[in-house]
Structures are given as C-alpha cells and as structure tokens.
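# Report on the structure
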Amino acid sequence: MAATLDGKANGLRPPLPLHTATNLDGGSRGATSVVHRWQREDLLEKSPLVLRALATLFSFLSFILLVSNKHGDWMEFDHFQEYRYLVAVSALAFVYSLVQSMRPHIHRFQESGDLMTVRSPGIGDFIGDQLVAYLLISALSAAIPITNRMRRAVVNIFTDSTTASISMAFLAFVVLAFSAIITGFKLSKQSYF
C-alpha cells in the first residue's frame, strides 16, 4: 500500500511541524519568551538604579555612624587616621551614589522625556562604580585591623559603632560591585556601530 498525502497509511506518521510561535500552545510559548526577554532587559535597566540607591543608603549610614562616634578621651573617631579615611570615602560614596541615583530623574525633568529613553554613558558608570567600590574596600582594609585590635582590649560603644559603620561600608561596597558587574555586562552587549 502506498502512503497517502497525509502520511497515515502503513503506520507512517505525518512530518513533525516546525516549532514556531503559532503552533506551540496556541502561540503562548513564543509570546511568553518575548515577555521574559522584555522583563530581563527591564531588570537590567532598573537594577543599577536600585543598587545605587542601596549604596546611597549604606554609605550614608556608614558615614553617620562613624561621624557621631565621639565619646570623649581616646574614643573619638577623628583621633585615628584609618577612621578619618573611612569617613572621607563613605562621604564620597554617598555623594557619588546619590548623584548616580538621581541622574535619570533629573534628566527626565529637564528633557521631559521618558525614563526608558535616557541613555546613560555606560563607560563612565562602569569606571565610577569600580573606582568608588575599590576606595570603599581600601578604607575597609585600613579600618578593620585597628578595630579588631581595639575590640580585643575592650568592647564598648565606640568599638560597636565603628564595627557597625564598617559593616555598612562593606554592604555599600558589595552593592557597588554588583552595580559595576551589571554595568559591565550592559556595556559588553552595547552595539558600537
């Protein structure tokens, strides 16, 4: 017996259809993949903004905790150059992160454009995130040893406040490092032609 046009004679199956968006689950699978791609791209656009806002918060807390750490005699942060360095870098990280967080909003109000149409200079963001993150880890590496030495001798409100400040600065470093990674990824996907 010869096979018919539909391929059902002699136990033959019809040829499998090609996978297209119109024949899989009524078109929902293709649309779902497009929606997931849009969500992923939207996440890549918004995540550096959220991360910089978190860096602003953590660096501000680090700055405030250390600057308010004055308890008289030897228990004042400005008697130690390591803590002065951490205060300066935390203030720099706060200002940088605040400016970077507010930049899209300022641009939108000035241009009356949509937030999604704002093109940020990727290389400047990448370099700035890395520079501030490296400064933060440098300040942390200077402040942690002296704090550990003090905590071996005495644990009081001064050492607790400096430890809390160091922890907030470390969180700001982690957040800015993630922001630099995401910005670097976006930079690698950017078309230059």
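Along each chain, the written sequence defines residue order, and numbers are assigned to residues from 1. Where local features are concerned, this predicted model is filtered to residues with pLDDT of at least 70; where side-chain atom pairs are given and counted, the filter is 80 or more; whole-chain, interface and lining totals use all residues. Computation of side-chain values: all heavy atoms of the structure, hydrogens and water removed.

### As for the overall build of the protein chain
The criterion, for reference: Helix and strand labels come from DSSP, where a helix needs a run of H or I of at least four residues and a strand needs a run of E of at least two; each type is numbered from the N terminus. Categorising residues by exposure relies on relative accessible area from a 1.4 Å probe, with only protein chains included: less than 20% of the type maximum marks a residue as buried, more than 50% marks it as exposed, and the intermediate range marks it as partly exposed. The contact definition used throughout considers only heavy atoms, calling two residues in contact when any of these lie within 4.5 Å. All accessible areas in this document rest on Shrake-Rupley with a 1.4 Å probe, and a residue is counted as covered only by the protein chains that are shown.
Scanning the protein chain from terminus to terminus reveals 4 helices and 0 strands. The secondary structure elements of the protein chain, listed N-terminal to C-terminal, are α-α-α-α. In the protein chain, which comprises 193 residues, the share counted as buried stands at 32%. Looking at the protein chain alone, contacts between residues at least 24 apart form 74% of all its contacts between residues at least 6 apart. Accessible area of the protein chain: about 12,400 Å², with a carbon and sulfur share of 66%.

### Remarks on the UniProt feature "transmembrane region" (unreviewed entry) in the protein chain
Rules: UniProt positions are given in the numbering used here, feature names are shortened, and annotations may be inferred rather than shown by experiment.
The UniProt feature table records "transmembrane region" (unreviewed entry) at residues 49-68, 83-99, 126-146 and 166-185. Across residues 83-99, the secondary structure splits into 100% helix and 0% strand, with the terminal C-alpha atoms separated by 24 Å.

### Brief notes about the nonpolar core
We apply this condition: Residues belong to a common nonpolar core when they are buried Ala, Val, Leu, Ile, Met, Phe, Trp, Tyr or Cys residues joined through side-chain atoms within 4.5 Å.
Y83, L86, L136 and L176 are the most contacted members of the largest nonpolar core, which has 30 residues in total. Looking at this core, the elements that each hand over two or more residues are α1 (28-67), α2 (81-111), α3 (122-153) and α4 (157-189). Among the elements that make up this core, the one with the highest residue count is α4 (9 residues). For L86, the contacting residues outside a window of four places in its chain are L66, A139, L140, A143, S165, I166 and A169.

### Description of the pattern of salt bridges
Put simply, the rule reads: In the sections that follow, a salt bridge refers to a side-chain nitrogen of Lys or Arg positioned within 4 Å of a carboxyl oxygen of Asp or Glu.
Taken as a whole and assessed by the stated rule, the structure comprises 3 salt bridges. The residue D129 makes a salt bridge to R52 at a minimum N-O spacing of 2.8 Å. With D129 in helix α3 and R52 in helix α1, the pair connects residues that are 77 residues apart, well separated along the chain. You'll find D129 and R52 in the same group, each marked buried. Across the pair R151 and D160 runs a salt bridge, and its minimum N-O distance is 2.8 Å. Given a relative accessible area of 38%, D160 falls into the partly exposed group.

### With respect to the side chain of S90
For clarity, the threshold we go by: By the criterion applied in these results, polar contacts are pairs of N or O atoms within 3.5 Å in which, for protein atoms, one can donate a hydrogen and the other can accept it, and in which residues neighboring in sequence qualify only through two side-chain atoms.
One can find S90 in helix α2. S90 gets classed as buried once you look at its relative accessible area, which sits at 1%. Among the polar contacts made by the side chain of S90, one reaches the side chain of S62 at a distance of 3.1 Å.

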